[in-house]
Amino acid sequence: MAKRADMALRRPGVKQPRKSPSGHQRLSEQPGVTRGAAVEEMVRVDHAGEYGAVRIYSGQLAVFERLPHKRKITASLLHMRDEEVEHLSKFNELIAERGVRPTVLTPFWHVAGFALGAATALMGEKAAHACTAAVEEVIDDHYRGQIERLKDLGGEEAQLAETIEKFRQEEVRHKEEALAEGAEQAVGYPLLSGVIRTGCKLAIRVAEKV
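The notes below deal with the structure included here. This one's a predicted model, so the numbers in the text were calculated from it and none came from an experiment. (Residues numbered from 1 in each chain as written. Predicted model: local features only at pLDDT ≥ 70, side-chain atom pairs only at ≥ 80, totals over all residues. Heavy atoms only, no water.)

### Topic: the packing of aromatic side chains
Argument step 1. Tallied over the entire structure, the rule returns two aromatic pairs.
Argument step 2. Ring geometry for phenylalanine 91 against phenylalanine 167: centres 5.8 Å apart, planes inclined by 65°, an arrangement best described as edge-to-face. Of this pair, phenylalanine 91 sits in helix H3 (residues 71-98) while phenylalanine 167 sits in helix H6 (residues 158-180); the two residues are 76 residues apart in sequence, bridging distant segments of the chain.
Argument step 3. Pairing phenylalanine 108 with tryptophan 109 gives two aromatic rings, centres 5.0 Å apart and planes at 65°, and the pair type is edge-to-face.
Argument step 4. Judged by its relative accessible area of 12%, tryptophan 109 falls in the buried class. (Phe/Tyr/Trp six-rings, centres within 6.5 Å; stacked < 30°, edge-to-face > 60°. Helix = DSSP H or I, 4+ residues; strand = E, 2+ residues; numbered from the N terminus. Buried < 20%, exposed > 50% of the residue type's maximum accessible area, 1.4 Å probe, protein only.)

### Some words on the packing of helix H2 (residues 35-64) against H3
Argument step 1. Where H2 meets H3, the axes come as close as 8 Å, and the angle between the chain directions of the two elements is 155°. Taken as axis vectors, H2 and H3 run roughly antiparallel relative to one another. Crossing geometry of H2 relative to H3 is assigned as left-handed.
Argument step 2. When the residues that make up the contact of H2 with H3 are grouped by side-chain class, the tally is 17 nonpolar, six polar and seven charged. (Axes fitted to C-alpha atoms, helices over the stretch in contact; angles between N-to-C directions. Parallel < 35°, antiparallel > 145°, perpendicular 65-115°, else oblique. Left-handed = near helix turned anticlockwise from the far one by under 90°. Nonpolar A, V, L, I, M, F, W, Y, C, P; charged D, E, K, R; others polar.)

### As for the pattern of salt bridges
Argument step 1. Evaluation of the coordinates by the stated rule reveals twelve salt bridges.
Argument step 2. With a shortest N-O distance of 3.5 Å, glutamate 181 and lysine 72 are connected by a salt bridge. On the criterion of sequence distance, the pair formed by glutamate 181 in the loop between H6 and helix H7 (189-209) and lysine 72 in helix H3 is long-range, its members being 109 residues apart.
Argument step 3. Classification of glutamate 181 as partly exposed rests on a relative accessible area of 30%. (Salt bridge = Lys/Arg side-chain N within 4 Å of Asp/Glu carboxyl O.)

### Some details on the side chain of serine 58
Argument step 1. On the secondary structure map, serine 58 appears in helix H2.
Argument step 2. Taking relative accessible area as the criterion, serine 58 reaches 10% and is therefore assigned buried.
Argument step 3. A polar side-chain atom of serine 58 sits 3.3 Å from a polar atom in the side chain of arginine 81.
Argument step 4. Beyond its immediate stretch of four places on either side in the chain, serine 58 contacts Arg81 and Phe114. (Polar contact = N/O pair within 3.5 Å; in protein donor to acceptor, adjacent residues only side chain to side chain. Contact = heavy atoms within 4.5 Å.)

Structure (structure tokens):
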């Protein structure tokens, strides 16, 4: 499983949006961005996000899988990471198929994602679950927004919208599992969750541009 994650990782690597005339959110907040470029922007951001998610779970596993008494959370995190690896692999394909430039900050996400995962794991299981809940909450909202914006294209990007919706549902399950395992009981949960959510939103905005 770790080998699969490593192979995937080695591949290419707030104001409310205005409404369009059709009633959905605009494809991009950046002025003068064409529809095609806006969809490429989505693919680049999602690729970066899934890359970061894999690194976060890898950081947490680096701590927990060394501890025999942490088998339950290790198994849970392995399952979540495997799903994130599948998401990343799909976006790797889309990056290649559509000729999309990956974010230039991939090396930063490589280090920062792992560090966030390891740091929250070292704080304990509840903090690790709090990290998962916070990250997946942002991704859920992000994917929902993308799906709405893709409606502007009618059936042109129906397959991409279906793919994102499938991934969104899996991210929601990760969040729900984390909450069920006591994420909100983590010490300093409101602050920890808020900082992580803010960081994720900032990362999305940065990846849109670079």
